[in-house]
Amino acid sequence: PDTANAFPEPYEIPVELLVVGCRLGVADGYANALRNQGQAAHLKTADTLDSLSQLLSGDGCDLVIINADAEQVSPVEAIGKIRAHNPAASILLVSEQPQDLRSIAIDHGLQDLIDIQDDDHVALAVRREHQTLQLRNETKRLKRQLGEAEERSNLLVQSSRDAIAYVHEGMYLNTNQAHLDLFGFESVDEIEGLPIMDMIHADSRG
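Counting restarts for each chain: residues are numbered from 1 in the order of the written sequence. A pLDDT threshold of at least 70 governs which residues receive local features in this predicted model, and a stricter bar of 80 or more applies before side-chain atom pairs are shown or counted, although totals over entire chains, interfaces and linings include all residues. Excluding hydrogens and water, the side-chain figures rest on all heavy atoms present in the structure.

Details of the overall build of the chain
1) Next: Per the convention used, a helix needs a DSSP run of H or I reaching at least four residues, while a strand needs a run of E reaching at least two, with both numbered from the N terminus. Summing up its helical and strand segments, the chain has 6 helices and 7 strands in all.
2) Next: Along the chain, from the amino end to the carboxyl end, the secondary structure elements read β-α-β-α-β-α-β-α-β-α-β-β-α.
3) Next: If you line up the chain on its principal axes, its C-alpha atoms span 80 × 35 × 30 Å.
4) Next: Exposed residues in this analysis have more than 50% of their type's maximum accessible area, buried residues have under 20%, and partly exposed residues fall in between, with area computed by a 1.4 Å probe over protein chains only. Expressed as a percentage of the 206 residues in the chain, the buried residues total 33%.
5) Next: To measure how exposed things are, a 1.4 Å probe is used in the Shrake-Rupley method; for residues, cover is taken only from the protein chains shown. When the accessible surface of the chain is split by element, carbon and sulfur atoms take 49% of a total near 12,600 Å².
6) Next: When charges are counted, neither His nor the chain ends are considered; positive counts come from Lys and Arg and negative counts from Asp and Glu. In plain terms, the charge of a residue is placed at NZ if it is Lys, CZ if Arg, CG if Asp and CD if Glu. Here the chain carries 16 positive and 34 negative side-chain charges, and the mean point of each set is 3 Å from the other.

Re the sheet that holds strand β5 (residues 112–115)
Each strand in a sheet pairs with another by means of backbone hydrogen bonds, the pair being arranged parallel or else antiparallel.
1) Next: As summarised here, the arrangement of the 5 strands in space is β2-β1-β3-β4-β5, forming an open sheet in which the pairing is parallel. Among the strands making up the open sheet, the edge pair consists of β2 (41–46) and β5. The average angle at which neighbouring strand axes cross in this sheet is 25 degrees, direction not considered.
2) Next: Two strands pair under a simple rule: DSSP has to find at least two bridges between them. Inspection of the sheet shows strand β3 (residues 63–67) paired to strand β4 (residues 90–95) by 5 bridges, in the parallel sense. Bridging from a neighbouring strand, I66 pairs with L93 of β4.
3) Next: Residue contacts are counted whenever heavy atoms from the two residues lie within 4.5 Å of one another. Lines are fitted to the C-alpha atoms to define the axes, a helix being fitted only along its stretch in contact, and any angle between axes, read from their N-to-C directions, falls within 0 to 180 degrees. Packed onto the sheet, helix α1 (residues 24–36) meets β1 (15–20), β2, β3 and β4 and runs at close to 165 degrees relative to β2.
4) Next: Along the sheet, helix α2 (residues 49–57) makes contact with β1 and β2, crossing β2 at roughly 135 degrees.

Thoughts on helix α3 (residues 75–85)
Counting along an α-helix, one turn takes 3.6 residues, and residues three or four places apart therefore face a common direction.
1) Next: Listing the buried residues of α3 in full gives P75, A78, I79, I82 and R83. Seen from one end, α3 has its buried residues packed into an arc of 130 degrees, which puts them on one side. What the arc describes is the spread of directions from the helix axis to the C-beta atoms.

Thoughts on empty space enclosed by the protein
1) Next: Using a 1 Å grid laid over the protein atoms alone, points where a 1.4 Å probe fits but cannot get out form a cavity; open sets with protein on both sides within 12 Å along at least 5 of 7 lines form a pocket; any residue with an atom within 4 Å of a point counts as lining. Grid points are joined across faces, edges and corners, and a volume is the space filled by probe spheres set on the points. Per the counting criterion, the structure on display carries 1 cavity of 30 Å³ or more.
2) Next: Estimates place the volume of the largest cavity at around 40 Å³.
3) Next: What lines the largest cavity is simply L18, K44, L55, L56, G60 and C61.
4) Next: Here the term charged refers only to Asp, Glu, Lys and Arg, the term nonpolar to Ala, Val, Leu, Ile, Met, Phe, Trp, Tyr, Cys and Pro, and the term polar to all other amino acids, Gly among them. Class assignment of the residues belonging to the lining of the largest cavity gives a composition of 4 nonpolar, 1 polar and 1 charged.

So, the side chain of N176
1) Next: By the element assignment, N176 lies in the loop between β7 (171–175) and α6 (177–183).
2) Next: Looking at N176, the relative accessible area reads 0%, which means it is buried.
3) Next: Any N or O atom pair separated by 3.5 Å or less is treated as a polar contact, with the protein-specific requirement of one donor-capable and one acceptor-capable atom, and with residues adjacent in sequence counted only for side-chain atom pairs. A distance of 3.0 Å separates a polar atom in the side chain of N176 from the backbone nitrogen of H179.
4) Next: Once you skip the residues sitting within four places of it in the chain, N176 turns out to touch V157, Q158, S160, D162, A163 and I164.

Quick word on the nonpolar core
Most often, soluble globular proteins keep nonpolar side chains buried together rather than apart.
1) Next: Of all hydrophobic cores here, the largest spans 23 residues; its most connected members are L18, V20, L52, V64, I66, I82 and L93.
2) Next: When residues of this core are traced back to their parent elements, those giving at least two are β1, α2, β3, α3, β4 and α4 (102–107).
3) Next: Residues in contact with L52, not counting those within four places in the same chain, are L18, V20, A46, A78, K81 and I82. Residue types Ala, Val, Leu, Ile, Met, Phe, Trp, Tyr and Cys, when buried and joined through side-chain atoms within 4.5 Å, form a set referred to as a nonpolar core.

As structure tokens, this is what we get:
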């Protein structure tokens, strides 16, 4: 099957990246690695928990890199602040010794744990999480549109003077008052889940 339109274009929307506890040169290295991989990026940095709080109180951020080795930023406290502001945020932890931080990454449900000097790996993980975010947003949009369409359809059915019923695989799922009146039912509860064959005279079921 053609899946070309199943996912958003990978580099259409710039990454809004927040880097916590890294030197500016390191943060810029991540942004440059993203751009070298074809992904536009907007970079914000926070050196302390206070500056992190200020950034989160503004626009916030969905994708965050935290330097677990930073002296002025506790990674656990930073994770707590980010999760309190946005429970669905994608958080990547970087360190010179990432293998020593596996328990933190697992316990806090982080999205990756990477060597702080591996710019290309960091950029690859950021791109993956960015695309996942776009897919989540698209899914939310489609669910909202589906709900609105179902609501409009239901209002149309219920307001119609014609007898209308929704039947799926031979079973009544929904109907309007005109249809209930036509067959002598008082409420939709009496007909919900009823096989449509039960509404047909035995002599006519063939």
